[in-house]
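Read off the chains here:
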Amino acid sequence: MQLHAAAFVASHAATLQVIYHRVERWRARFLLRQLGPFCAATLGYLPARALRLGEDLPAGVIRQWGHWAGQPRYFFDDPDLQASRRFARPAMPVLAIGFADDLWATPPGIDLLMSQLVNCQVERRHIEPQPQDGTIGHMGFFRRKHQHTLWPELADWLELQLV
């Protein structure tokens, strides 16, 4: 099966340099460059669930993520990954959705990721949370409370790609 279109929701090149909010940048740096590696070395994983940060992460994942986060162009600066070459391969419509209250996936981080999809037709949408939405943040789009407000826009775009 071949992919004909892709949607990126709060996806970004997670380099620490594109996190605007100073306190959040410090928190991310602490998590990815200190706490994560410490937990990886002592526990063999990052207990992200206990920290309310999503799912637990294996040691190798948190180490690699922390390394990439310290690079100016995230994993595009990892010569072993050859990410720029890989990102240049697909040619399809792409929708990139970001949120104004997302402290991690900022417009520069999203733009950096999307800029590597050189053969794709990228459509960017930057959503300002509405009062009925409450906060969206980095992972909020996927919460069930947004199924009637945010999900239909993505579903409509995906459906258009089937035509």
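Chemist: Please explain the overall build of the protein as it appears in this structure.
Modeler: Check the secondary structure of the protein and you find five helices and five strands. Secondary structure elements of the protein, listed N to C terminal, follow the sequence β-α-β-β-α-α-β-α-β-α. Taken over C-alpha atoms, the radius of gyration comes to 17 Å for the protein, in line with the 15 Å a tight globule of 163 residues would show. For the protein, the spread of C-alpha atoms along the three principal axes comes to 50 × 40 × 30 Å. Across the 163 residues of the protein, 39% fall into the buried class. As presented, the protein carries roughly 9,800 Å² of accessible surface, and 57% of it is formed by carbon and sulfur atoms.

Chemist: Could you clarify how one ought to interpret the pattern of salt bridges in this entry?
Modeler: Where charged atoms of side chains with opposite charge meet at close range, the side chains can pair. Following the criterion strictly, the structure yields six salt bridges and no others. Here Arg73 and Asp77 are joined by a salt bridge, their closest N and O atoms 3.2 Å apart. The partly exposed category is assigned to Asp77, whose relative accessible area is 28%. Residue Arg124 pairs with Asp111 through a salt bridge whose shortest N-O separation is 2.9 Å. In this pair, Arg124 sits in strand E5 (residues 121–127) while Asp111 sits in helix H4 (residues 107–115), placing the two residues 13 residues apart along the sequence.

Chemist: How do you make sense of the pairing of E5 when you look at a structure like this?
Modeler: Relative to E5, strand E4 (residues 93–99) runs parallel, the two sharing seven bridges. Within the sheet, the bridge partner assigned to Val94 lies in E5 and is Val122. In the classification by handedness, the crossover that spans E4, the intervening H4 and the parallel E5 is right-handed.

Chemist: Would you mind showing me how to read H4 here?
Modeler: Spacing of three or four residues puts side chains on the same side of an α-helix, whose turn is 3.6 residues. Of the positions making up H4, those classed as buried are Gly109, Ile110, Leu112, Leu113 and Met114. Each element contacted by the buried residues of H4 is listed here: strand E1 (6–9), helix H3 (83–87), E4 and E5.

Chemist: Would you mind going over the sheet that holds E1 with me for this structure?
Modeler: The strands making up a sheet associate through backbone hydrogen bonding, with each pair oriented either parallel or antiparallel. Pairing within the open sheet is parallel, and its three strands lie in the order E1-E4-E5. The open sheet has two edge strands with one neighbour each: E1 and E5. Between one strand and the next, the sheet's axes are offset by a mean angle of 15°, whatever the strand orientation. Bridge count for E1 against E4 is four bridges, and the pairing is parallel. Bridge pairing in E4 places Ala7 opposite Leu95.

Here is what the cut-offs are and how they apply
Residues numbered from 1 in each chain as written. Predicted model: local features only at pLDDT ≥ 70, side-chain atom pairs only at ≥ 80, totals over all residues. Heavy atoms only, no water. Helix = DSSP H or I, 4+ residues; strand = E, 2+ residues; numbered from the N terminus. Rg over C-alpha atoms; globule rule 2.2 N^0.38 Å. Buried < 20%, exposed > 50% of the residue type's maximum accessible area, 1.4 Å probe, protein only. Areas by Shrake-Rupley, 256 points an atom, 1.4 Å probe, with all protein chains shown as cover. Salt bridge = Lys/Arg side-chain N within 4 Å of Asp/Glu carboxyl O. Pairing = 2+ DSSP bridges. Right-handed = clockwise from strand over helix to strand, strands pointing away. Contact = heavy atoms within 4.5 Å. Axes fitted to C-alpha atoms, helices over the stretch in contact; angles between N-to-C directions.

So, to be careful, I would describe these as geometric facts and stop short of saying anything about function.
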